[in-house]
Amino acid sequence: MEVTVRIRRYDPEVENPESYWQDFPLTMDDSATVLDALIKIREQQDGTLSLRCSCRSSICGSCAMRINGQAGLACKTQVASAIDDASTIVIEPAGVMPVIKDLVVDFALFWDKIREVEPYLQPQGEEPEGEYIASNESMLHLSSVTSCIMCGACVSDCTVMEVDPTFLGPAALAKAYRFTADPRDGDAKGISQERLEKLAAPTGMWDCTRCGECVTACPKGVAPMDRIMALRDQAMEAGLNNSNGARHAEAFVEIVGHSGWLNEALLPVKTVGITNIPGLMSFLPVGWRALIHGKMPPLVHHNIEKVKNVRKLVKKLEDPPPE
Amino acid sequence: MKYAFFPGCVARGGCPELYQAATLICQRLGIELQEMPGASCTGAGVLQEKNEFLGDTLNARTFAMAENLGMQIMTICSTCQGVMSQANFRMRKDPEYLARVNKELAEEGLEYRGTADPKHLLWVMIEDVGLEKLTELITRPLAGIRMAPFYGCYLVRPTDALDMEDHPERLTALEQVIETLGATVVDFSGKTRCCGFPILTINETNSVAMVAKHTSDVKDLGADAMVTPCPLCHLNLDGYQPKAQAQAQRKIDMPILHLPQAIGLAMGISRKELGLQKHIMSTKALTMKVGAG
Ligand code: SF4
Ligand code: SF4
Ligand code: FES
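Criteria and thresholds
- Residues numbered from 1 in each chain as written.
- Chains lettered and ligands numbered in written order.
- Predicted model: local features only at pLDDT ≥ 70, side-chain atom pairs only at ≥ 80, totals over all residues.
- Heavy atoms only, no water.
- Helix = DSSP H or I, 4+ residues; strand = E, 2+ residues; numbered from the N terminus.
- Contact = heavy atoms within 4.5 Å.
- Areas by Shrake-Rupley, 256 points an atom, 1.4 Å probe, with all protein chains shown as cover.
- Near = heavy atom within 4 Å.
- 1 Å grid on protein atoms, 1.4 Å probe; cavity = no way out; pocket = protein on both sides within 12 Å on 5 of 7 lines; lining within 4 Å.
- Sits in = over half its atoms within 2 Å of the grid points.
- Nonpolar A, V, L, I, M, F, W, Y, C, P; charged D, E, K, R; others polar.
- Phe/Tyr/Trp six-rings, centres within 6.5 Å; stacked < 30°, edge-to-face > 60°.
- Buried < 20%, exposed > 50% of the residue type's maximum accessible area, 1.4 Å probe, protein only.
- Lys NZ or Arg CZ within 6 Å of the ring centre and 35° of its normal.
- Salt bridge = Lys/Arg side-chain N within 4 Å of Asp/Glu carboxyl O.
- Patch = residues over 30% accessible without salt bridge, like charges linked within 9 Å, V, L, I, M, F, W, Y side chains within 5 Å.
- Lys, Arg positive; Asp, Glu negative; His and termini not counted.
- Charge placed at Lys NZ, Arg CZ, Asp CG, Glu CD.
- Domains from an automatic or database assignment.
- Buried area = accessible area lost by both parts, 1.4 Å probe.
- Pairing = 2+ DSSP bridges.
- Axes fitted to C-alpha atoms, helices over the stretch in contact; angles between N-to-C directions.
- pLDDT = per-residue confidence, 0-100.
- Core = buried A, V, L, I, M, F, W, Y, C linked by side-chain atoms within 4.5 Å.
- Right-handed = clockwise from strand over helix to strand, strands pointing away.
- Points joined across faces, edges and corners; volume = space filled by probe spheres on them.

Glancing now at the overall build of chain A. Looking only at helices and strands, chain A features 14 helices and seven strands. A fraction of 63% describes how many contacts in chain A between residues 6 or more apart in sequence connect residues 24 or more apart. Carbon and sulfur atoms make up 51% of the accessible area of chain A, which totals about 15,500 Å².

Have a look at this one:
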């Protein structure tokens, strides 16, 4: 098949370096991968094209780049599935990390974040006499996280890292979860309190927008965002409720549990039967209040119909009766 | 065409102009909307952080109500759509899980049978109404207007829960509608990125930086307006644009339209009826250009 590979190139060694597009027309087999195409370009058309690769089978994590605007592994993407109607594929280096040359980016930021979460087991308390025991289920649960190949695709496309490189980011937070969810890490009950405290601080778990980009980008099913949500749950369970993020989630549950929908949170209301609306209001995120107050005429608030049923559900599922 | 209408909290709260514009265009399109006064909030993904099972149960409750009405659900909020789709995805692929959920609903005499297929107005437009029908109703084409699409996260990710494999048209739906309205699409890579709203209260600087990035990107591409199917994207991109301008130290002045407002403009509905005067960023230059005063 005839294809055009449009590559975002950059050479730091020319005077006034600037990135530019270059098109490479070539013929590829139907089964070829994007990596095959890039290697063919390097071998046959332009030996100066720089890229990283090694295993060619989605194991080593070297070949992450943006393919048609979305991060992924070049060796895992078929040319046939990536071409558009004009038989073109657009290739750019991974995002967020600075470009060194062509498709090669500087991974220092990526590794800094991984190091920051101290990616090794830290058992506390007394050492067991024999080995540390971990159940089969707990290890199976972790297997999808441990399959991370450190390719950086998630970091490339992370919405928050794009504007703020101090954010720990999807790969490191998923890695952190690999330890907080490991029964051998933390105290005797497997609770990694200190870790969770650090992770709940600014630039940590609560800074994620839940945009899902990392889930789409990850070639290994690690689903970093889902791990971050699990971290938030662990943090709240561990009593770390003193962040805006945790307060937000808790206020939300309470408000839905009271009136069935969110309106009440957004309005100064006098209600009968519920005591602490002003209190709830005050710990509702400033943003909601500001936005809504600025924009909304004070309507008369009403609960949803049959709100009692919603209240019951929330109460029951939030505080399940002891078994 | 009749739907069980799920406007979402924000269209009834912070963005009443969205609710109003949506009901106006639905009238003209011949879409009947049946409110579900007993439906609760979807949880917006926030409640799910704390308790996903509770979130799924609340959504199943709404789905069961729609089943009892014999109607499919239509929403006008991307976030509601995403959260409902994800809940539905979890319940439909796992009968045991659904049974657990139904156990909780039994007390209220409800049961979710797994037949709900909630659809955002945007999807209803291209899948059920059809763009031909829309074309017929256009009396004031938005010719000469350059419009940038902004989907927001929940209408594009995760692709499995949103059934993108069976509905690839959903990935370009907004562009298709913009073209049908007679406007020119301003394509930009940020169109499927996050607006920043979910972290507004947690890290305002970052949230505002996202607003600045998207709005100035489309400004630099010569857009007259941005259009979004998500009221939360609207709240952030419109409401926080003044702060974004201060942060980026530049003028942006980008009107942010709700999808039904853009459609309504092309249908000849007045500026006022569409609530276009209620935005933080002025839409006046845009409506003048369209000939809507
Ligand atoms: S979900 Fe969170 S971590 Fe993942 S890309 Fe989005 S902001 Fe980054
Ligand atoms: S989480 Fe996925 S995308 Fe991120 S580094 Fe690991 S394998 Fe790559
Ligand atoms: S070359 Fe090893 S992952 Fe692509």
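Residue and element names in this part refer to chain A. Taken together, Phe110, Cys148, Ile149, Met150, Cys151, Gly152, Ala153, Cys154, Cys218, Pro219, Val222 and Pro224 make up all the residues around ligand 2. Among the cavities detected, the one that contains ligand 2 is the second largest cavity. Residue composition of the shell around ligand 2, by class: eleven nonpolar, one polar and no charged.

Tallied over the full model, the rule gives six aromatic pairs over all chains. Both rings, one in Phe53 of chain B and one in Tyr97 of chain B, keep their centres 5.8 Å apart while their planes meet at 70°; by these two values the pair is edge-to-face. One end of the pair, Phe53 of chain B, is in helix H4 (residues 52-69); the other, Tyr97 of chain B, is in helix H6 (residues 95-105), with 44 residues separating them in the sequence. For the pair shown, Phe53 of chain B and Tyr97 of chain B are each scored as buried. Through a chain of ring-to-ring contacts, three or more aromatic side chains come together here, namely Phe107, Phe110 and Trp111 of chain A. Positioned above the aromatic ring of Trp123 of chain B, the side-chain terminus of Arg170 of chain B is 3.7 Å from the ring centre.

Here Asn102 of chain B shows up in helix H6. Not counting residues up to four positions away in its chain, the partners in contact with Asn102 of chain B are Leu110, Glu111 and Tyr112 of chain B.

Attention shifts here to the pattern of salt bridges. On inspection of all chains with the given rule, the structure shows 32 salt bridges over all chains. Of the charged contacts, one joins Glu175 of chain B and Lys191 of chain B as a salt bridge, the two residues approaching to 2.8 Å between their closest N and O atoms. One end of the pair, Glu175 of chain B, is in helix H9 (residues 173-180); the other, Lys191 of chain B, is in the loop between strand E6 (184-185) and helix H10 (204-220), with 16 residues separating them in the sequence. There is no split in this pair, since Glu175 of chain B and Lys191 of chain B are both buried. The salt bridge involving Lys251 of chain B is made with Asp253 of chain B; its shortest N-O contact spans 4.0 Å. In this structure, a network of salt bridges that share partners links the residues Arg9, Asp46, Lys101 and Asp102 of chain A.

Moving on: a negative patch on the surface. Residues Asp117, Asp163, Glu165 and Asp166 of chain B make up a contiguous surface patch of negative charge. Accessibility expressed as a relative area gives 77% for Glu165 of chain B, which makes it exposed.

All names here are of chain A. Splitting chain A by domain gives domain 1 (2-105), domain 2 (137-237) and domain 3 (244-318). Put simply, the middle of domain 1 and the middle of domain 2, counted by C-alpha atoms, are 29 Å apart. Listed as interface residues are 16 residues of domain 1 and, on the opposing side, 16 residues of domain 2. Interface area, domain 1 with domain 2, both sides summed: about 1,100 Å², of which 58% is carbon and sulfur.

Let's shift gears to the site of ligand 1. Residue and element names in this part refer to chain A. Looking at ligand 1, there are 14 residues lining it, with Cys158, Cys208, Cys211, Gly212 and Cys214 nearest. Mapped by element, the contributors of at least two residues to the shell around ligand 1 are helix H6 (159-163), helix H9 (213-217) and helix H10 (224-237). Here the residues of the shell around ligand 1 sort into nine nonpolar, three polar and two charged.

Residue and element names in this part refer to chain B. Strand order across the open sheet formed by four strands is E2-E1-E3-E4, with parallel pairing between neighbours. In the strand order of this sheet, the two ends are held by strand E2 (32-35) and strand E4 (119-120), each with one partner. Two elements, strand E1 (residues 2-6) and strand E3 (residues 72-75), share four bridges in a ladder whose sense is parallel. Bridged to Ala4 within E3 is Ile73. Running over the sheet, helix H5 (residues 78-93) touches E1, E3 and E4 and is turned about 145° from E3.

For the peptide bond that leads from Arg157 of chain B to Pro158 of chain B, omega is -10°, which places it in the cis range. Note that Pro158 of chain B resides in the loop between strand E5 (146-149) and H9. We note that Asn16 of chain A has phi near 45°; this positive angle belongs to a residue other than glycine. The phi dihedral of Ala223 of chain A is positive, around 50°, even though this residue is not glycine.

All names here are of chain B. Taken in spatial order, the four strands line up as E6-E5-E7-E8 in an open sheet, and their pairing is parallel. Across the chains shown, the open sheet's two edge strands, defined by having one partner strand only, are E6 and strand E8 (256-258). Judged from the three bridges that link them, strand E7 (residues 225-228) and E8 form a sheet pairing that is parallel. Counterpart to Met226 in the pairing with E8 is Ile256. Here helix H11 (residues 231-239) sits on the sheet in contact with E7 and E8, set at roughly 160° to E8.

Residues and elements named next belong to chain A. Within chain A, residue pLDDT values average 87, and 86% of them lie at 70 or more. This stretch, residues 264-283, has a pLDDT under 50; its non-local contacts, to residues over four places away or in other chains, come to 38 contacts. The model gives residues 296-300 a pLDDT under 50, and that stretch makes eight contacts with residues more than four places away or in other chains.

Turning to the nonpolar core, a few remarks are in order. Soluble globular proteins tend to bury their nonpolar side chains together. Counting residues in each nonpolar core, the largest one holds 89 residues, and the members touching the most others are Met205 of chain A together with Met91 and Tyr112 of chain B. Examining the composition of this core, we find that eight residues originate from one element, H4 of chain B, more than from any other. When residues no more than four places from it in sequence are discounted, the contact partners of Tyr112 of chain B are Ala60, Phe63, Ala64, Glu67, Asn88, Met91, Arg92, Leu98, Asn102 and Leu105 of chain B. Among the nonpolar cores identified, the runner-up in size contains 77 residues, and Val10, Leu155, Leu162 and Val177 of chain B belong to it.

As a further point, take the pairing of E5 of chain B. All names here are of chain B. Pairing geometry for E5 and E6, over two bridges, is parallel. Counted as the bridge partner of Met147 is Val185 from E6. Crossover E5 to E6 through H9 is right-handed. Here E5 runs beside E7; their pairing, made up of three bridges, is parallel.

In total, this model carries seven cavities of 30 Å³ or more according to the counting rule given. Sorting the residues of the lining of the largest cavity by element identifies helix H1 (9-12), H5 and H11 of chain B as the ones contributing at least two each. Of the residues contributing to the lining of the largest cavity, the split by class is 20 nonpolar, six polar and one charged. In this structure, the lining of the largest cavity is formed jointly by two domains, domain 2 (137-237) and domain 3 (244-318) of chain A, each of which donates at least three residues. Cys148, Cys154, Ala171, Cys218 and Val222 of chain A are the residues nearest the centre of the second largest cavity, which is lined by 17 residues in total. Looking at side-chain class alone, the lining of the second largest cavity contains 14 nonpolar, one polar and two charged residues.

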